[in-house]
Amino acid sequence: MEKSGPQIGGKIRRLRRQKHISQADLATALGISASYLNLLEHNRRNITVPLLFKLAGHFGIEPGELVESDEGQLVGDLMELFGDDIFADTDLTNHEIRDLAFSNPSAGRAILRLFDKFQEVQSNSGGTNKPDGTDQAPVTGYHMATEAISDFIQENANHFPALEVSAERVRHDIDHASDSFELGLKTYLANVFGLECKMTSLPSGIAQQLDEDTNKLHISDILGPESALFSMAHRAALLTATQQIDNIVDQSNLPEGDAPMLARNVLASYFAASLVMPYTPFLAACREYRYDVERLSRRFGASFEQVCHRMTTLQRTGEQGIPLHLVRTDIAGNISKRFSLSGIHIPRHSGACPRWNIYSAFLQPEKINIQISQMPDNETYFCIAKSIAKGGYRHNAPRRHLSIGLGCHISHAKEMIYSEGVDLKNLSQVVPIGVGCRICPRLECGQRAHPPADHRFQIDSATKPENLYAKMR
């Protein structure tokens, strides 16, 4: 029986090279010819299930880790990049871009970083000229460090074992201090670090403030209980896991500048989530409750967003959760969080497809919106989305309206409680979506905001379409 699906030849080749094994030696160990292994590494043959297990055993990983493609997001990012106007005259095809991502992912990521730097220079300079000499509008609100952090998380599959181990050790001490996690955490911080946690009034926009003179941690008294607890856990991370965090950052390929500082903050939040929602009990609860986010929120005293984010980190070898994707956007379409293990493509530099339920969720605040989404490559995903509001705890205080999207490949949909009552095989329920208008091939879409990058207008003066960019030839 052959295993079809994600192209894993590039992953086999990278694992072989990392262990300094020749093709001939690996082929001998697997009981196949070197020429057949060469075809596998170039995705010219499908892999059989027995051979898949042999490869996984040889490299010391789970078979699922070998099959799951870690280049899906890279493909989407590269397609979005080459959909930019500056590449309008190139003849690159989607197939060639896919080949680049799977056969030379390091080169693909280098191209992304180069383009990120270009975007950053454009933003800082207020725009410049295109290669054809015409003016190019400035890129607004772009910061290379934020994209570097997204890539850093994606490259690590949003899983950091050293932080998990450290958080489990601290959680063990906390649970011995009290049956209440909140009380136990306060007791732990007081006993180990002499730190007193106190709810108090802080300036607008400040969640916590450390007074080093009195060794008191002031937590804003307008935070919700989940945010206040997470804030204390974040401080615990900075006090107990600094060495582990620094080691991870030092071993990364993050660019100099703001990225390492931002990474440390992100990793401290990762530790905090691991402390509030310990790996093994949380995974067990996910399976028991079938990834019911709201029930898990109540069980662990965490917010909807915190639970969704924690779900994406469940990638421990031999103890994995569903490979999920997560995206967070504001009401203007600005994506502030993106991560994908499901294989779905999430835009890097632009807003996502308006057909995606992460946007329609704004029309039904606080209600979970369910959608079966299909990308242009015909891969189908099961997606949920919920809009939330942050802030506004004072009179006339502004509120932030965000939408949180979570989902998996359709093959895992039945593992989620939200699939109950949904006919997953009913094609009429499938919603065609894309990554972004400039690289989306769906010419019939009436919600296009831009024409495809490789198409040109052919306007019939006798007919006026509802959408000028739809049904182009």
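Everything in this summary refers to the structure shown in the same document.

The rules behind each value
- Residue positions are given per chain, counted from 1 along the sequence in the order it is written.
- In view of the model being predicted, local features appear only for residues whose pLDDT reaches at least 70, and side-chain atom pairs are presented and counted only at 80 or more, with totals across whole chains, interfaces and linings using the full set of residues.
- Only hydrogens and water are set aside; all other atoms, that is, all heavy atoms of the structure, feed into the side-chain values.
- Here a strand is any run of E in DSSP of at least two residues, a helix any run of H or I of at least four, and the numbering for each starts at the N terminus.
- Throughout this description, buried means an accessible area under 20% of the type-specific maximum (1.4 Å probe, protein chains only), exposed means over 50%, and partly exposed covers the range between.
- Here, residues are in contact when the closest pair of their heavy atoms is within 4.5 Å.
- Under the convention used here, a 1.4 Å probe and the Shrake-Rupley method define accessible areas, while residue burial counts only the protein chains that appear.
- Two strands pair under a simple rule: DSSP has to find at least two bridges between them.
- To get an axis, a line is fitted to the C-alpha atoms, and for a helix only the part in contact is used. The angle between two axes follows their N-to-C directions and goes from 0 to 180 degrees.
- When an angle is under 35 degrees it counts as roughly parallel; over 145 it counts as roughly antiparallel; between 65 and 115 it counts as roughly perpendicular; any other value is oblique.
- Any pair of N or O atoms that falls within 3.5 Å is considered a polar contact. Within protein, one atom must be able to donate a hydrogen and the other to accept it, and sequence-neighbouring residues count only if both atoms are side-chain atoms.
- A 1.4 Å probe that fits into a set of points on a 1 Å grid over the protein atoms alone but cannot get out defines a cavity; an open set with protein on both sides within 12 Å along at least five of seven lines defines a pocket, and lining residues are those with an atom within 4 Å of a point.
- Grid points are joined across faces, edges and corners, and a volume is the space filled by probe spheres set on the points.
- Each residue is assigned to one class: nonpolar for Ala, Val, Leu, Ile, Met, Phe, Trp, Tyr, Cys and Pro, charged for Asp, Glu, Lys and Arg, and polar for all the others, Gly among them.
- Within this scheme, the nonpolar core is defined by two criteria: the residues are buried Ala, Val, Leu, Ile, Met, Phe, Trp, Tyr or Cys, and they are joined through side-chain atoms within 4.5 Å.

Let's shift gears to the overall build of the protein chain. Broken down by element type, the protein chain carries 18 helices and 13 strands. When burial is assessed residue by residue, the protein chain has 45% of its 473 residues classed as buried. Of all intrachain contacts in the protein chain linking residues separated by at least 6 positions in sequence, the fraction that spans at least 24 positions is 59%. Summed over all atoms, the accessible surface of the protein chain reaches about 23,700 Å², with 50% contributed by carbon and sulfur.

What follows deals with the sheet that holds strand S12 (residues 399-409). Spatial ordering of the open sheet is given by S9-S8-S12-S11-S10-S13, a layout of 6 strands whose pairing is mixed. The open sheet has two edge strands with one neighbour each: strand S9 (335-340) and strand S13 (430-432). Ignoring strand direction, the axes of neighbouring strands in this sheet form an average angle of 30°. Where strand S10 (residues 369-374) lies against S13, 3 bridges are found, and the strand directions are parallel. Residue pairing in the sheet places Ile372 in a bridge with Val430 of S13.

Viewed as axis vectors pointing N to C, helix H15 (residues 279-289) and helix H17 (residues 304-311) meet at an angle of 100°, and their least axial separation amounts to 11 Å. The orientation of H15 relative to H17 falls into the category roughly perpendicular. For the pair H15 and H17, contact is made by Tyr279, Phe282 and Cys286 and by Val307, Arg310 and Met311, respectively.

It is worth spelling out the side chain of Ser252 at this point. Note that Ser252 resides in the loop between helix H13 (242-250) and helix H14 (259-276). For Ser252, the side chain forms a polar contact with the main-chain oxygen of Val249, separated by 2.6 Å.

Right, let's talk about the pairing of strand S11 (residues 380-391) for a bit. Most of S11 is tucked away, with 9 of its 12 residues classed as buried. Between S10 and S11, which pair antiparallel one after the other, the connecting turn spans 5 residues, and Asn378 there sits at a positive phi close to 75°. In this sheet, S12 lies alongside S11 in antiparallel orientation, the contact comprising 11 bridges. The residue bridging Lys386 from the neighbouring strand is Ile404, located in S12.

A few words on unusual backbone geometry. Phi at Asn158 takes a positive value of approximately 50°, unusual for a residue other than glycine. One can find Asn158 in the loop between helix H9 (144-155) and helix H10 (161-177). Look at Asn158 and you get buried, because its relative accessible area is 3%. Its identity is not glycine, yet Arg290 carries a phi of approximately 55°, on the positive side. Examined against the element boundaries, Arg290 turns out to sit in the loop between H15 and helix H16 (293-300).

Now for empty space enclosed by the protein. Within the structure shown, the criterion is met by 5 cavities of 30 Å³ or more. Volume-wise, the largest cavity comes out at about 130 Å³. In terms of lining residues, the largest cavity is bounded by 12 residues, among which Gln73, Asp77, Arg109, Asp151 and Gln154 are the most central. Listing elements by their share of the lining of the largest cavity, those giving two or more residues are helix H6 (72-82), helix H8 (105-125) and H9. Counting residues per element, the lining of the largest cavity draws most heavily on H9, at 4 residues. Residues of the lining of the largest cavity, tallied by class, amount to 2 nonpolar, 3 polar and 7 charged.

By the element assignment, Leu189 lies in helix H11 (residues 181-193). With near-sequence residues (within four places) excluded, Leu189 lies in contact with Gly194, Leu195, Cys197, Met232, Ala236 and Leu239.

Now for the nonpolar core. Counting residues in each nonpolar core, the largest one holds 76 residues, and the members touching the most others are Leu185 and Met311. In terms of residue count, the dominant contributor to this core is H14 (10 residues). Every residue in contact with Met311, bar those within four places of it in the chain, is listed here: Phe282, Cys286, Tyr291, Val293, Leu296, Leu324 and Leu406. Phe82, Cys353, Trp356 and Tyr381 belong to the second-largest nonpolar core, a separate cluster that totals 28 residues.

Keep in mind these numbers describe shape, not what the thing actually does.
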